[in-house]
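An overview of the molecular structure
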Amino acid sequence: MKDLKQRTIRSGLAKLCSQTADFVLRIASLVIMARLLEPKDFGLIAMVTAVTGFYGLFTSAGLSAATIQAPTVSNEQLSTLFWINIAVGTVLAFLCVLTAPLIVRFYHEPRLFWVTVAVAIGFIINAATVQHSALLQRQLRYVTLAVIETLSQLVSFTVGTVMALKGFGYWTLVGSAIATPACFIICLWTVTQWTPDLPRRNVRIGAMLRFGGTLTLNSVVVYIAYNLEKVLLGRFWGANVLGIYGRAYQLINVPTDNLNSAVGGVTFSALSRLQNDPARFKSYFLKAYALVNSLTLPITLFSTLFGDLVISVCLGPKWMEAVPIFRLLAPTVMVFGIINPLGWLLLALGLYGRSFQIALVIAPLVITAYLIGLPYGPTGVALAYSSALVLWLVPHILWCTYRTVIFPRDLLWTLSKPLVSALVAAAFAFLIQRYIGESLSPLPRLLLAAVTMGITYILMLLFVMGQNALYLDILNGIRSSSRLEVTDAEGRSV
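From a predicted model like this one, the values you see are computed outputs, not experimental measurements.

1. Looking at the side chain of S294
Looking at the secondary structure, you find S294 in helix α11 (residues 278-305). For S294, a relative accessible area of 4% corresponds to the buried category. For S294, the contacting residues outside a window of four places in its chain are P418, Y457, L461 and Y471.

2. Section: the pattern of salt bridges
For the structure shown, the criterion picks out 4 salt bridges. In this structure, the salt-bridge partner of R111 is E109, at a minimum N-O distance of 2.9 Å. Judged by its relative accessible area of 36%, R111 is partly exposed. Close ionic contact of D410 with K282 constitutes a salt bridge, the shortest N to O distance being 3.2 Å. One end of the pair, D410, is in helix α16 (residues 408-436); the other, K282, is in helix α11, and 128 residues separate them in sequence.

3. A few points about unusual backbone geometry
A positive phi angle, near 55°, is found at H108, a position not held by glycine. In this structure, H108 sits in the loop between α4 (75-107) and α5 (112-127).

4. What about the packing of α11 against helix α17 (residues 442-464)?
At a minimum axis distance of 11 Å, the contact between α11 and α17 shows a crossing angle of 145°. Here α11 runs over α17; the crossing is right-handed. Mapping the contact onto sequence places N293, S294, L295, P298, L301 and F302 in α11 and L446, A449, A450, M453, Y457 and L461 in α17. Of the residues contributing to the contact of α11 with α17, the split by class is 10 nonpolar, 2 polar and no charged.

Analysis parameters
Residues numbered from 1 in each chain as written. Predicted model: local features only at pLDDT ≥ 70, side-chain atom pairs only at ≥ 80, totals over all residues. Heavy atoms only, no water. Helix = DSSP H or I, 4+ residues; strand = E, 2+ residues; numbered from the N terminus. Buried < 20%, exposed > 50% of the residue type's maximum accessible area, 1.4 Å probe, protein only. Contact = heavy atoms within 4.5 Å. Salt bridge = Lys/Arg side-chain N within 4 Å of Asp/Glu carboxyl O. Axes fitted to C-alpha atoms, helices over the stretch in contact; angles between N-to-C directions. Left-handed = near helix turned anticlockwise from the far one by under 90°. Nonpolar A, V, L, I, M, F, W, Y, C, P; charged D, E, K, R; others polar.

Below, the structure written as structure tokens:
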């Protein structure tokens, strides 16, 4: 399509705005909840969500992506997929309730029973939103979806804050978690105005089910690999330790989670349409890769150098035990920034098998690292986890890029510019903060470090490393997309 570039930028901009609002609300929630609740409150909820989060992988069954990816989808197919999602959500809710006694026994914590039962409600609510959300994305209504997502997060933030102030303790986190999908489903059903019909047979959804099943299986392996350490810490070190580790883990991952969510989906969609145009495919991928890592690399270095200030300002003095964990987890941000976009590459090229094979190798690698670090507590787990990912980085790049249009040297050249800029900016910020900011309180010191590093990094990246042309191209694309008529999935004006 001629307007693919403008559509991609417009969609990415809408998603980025949504994720920026989500980032602000999540940080605000972290700051407030960390001061109103205790580490053990977070640990109790993390014990449950580490297990029930596994069930959550099956809620959509990959059928949202299947609906978006399919060239055409009939109302009969959508309706049938909707009821499949509802059936899956109901089964998951039932399994969650059955699991409650087992979770209590595993952690030796009776309070977890009713928490698990309450969390089960979310599975049915989320299942009822899968196809409606996919429908909005098929219609290219990204701005509408962004508004709904932001409103849902705002409602969740408000509910959580009120409950925390009223002294509900760990139930605050449960109420906040349920409020998000509750608001989301009300808004989605109101906006889409689509009511599913009864399910039908012989509507040709076999290919969509296979597509969704493959994605779900891959997600299961990845989820186990990246969440088992929370289960182990909760079981062997208790709720308080898990609460501290969990807050450090969440805080270090908030910026990159939002960034990958904003850029990943849109980039995958654009790359999928360029499979038969290697030159444009390579250009699009490397630009998206540069964008992600130009933000990821400085975040990694900033977190490593100023982790004590970040924890002190965001979480408060009672969370200072999280500082070494936060710093030890910082390298994982860099690694995920480098390897996550390679997942877009594999999926866009249809290399689902290779993606799954890679997941099957990563899982035992990081699980072994958890077991090695577990006797040494949360810092041991964090160090082992980061070390395993850093060691895996080069083999991952070589495997992903094998026989594709992207070469390892392309990635190295793309990474070199933001990396050098980030190193220079971090060194300058460290010196300024050390010699000027020592007498300041934590918040001014953090702001001084952030502003100094941010300005230095931008100047280095744009003018010394010559990346200004890349971002001017993106800016021009945004301006062009604002004049582009929005069309639905069938090409009609809406």
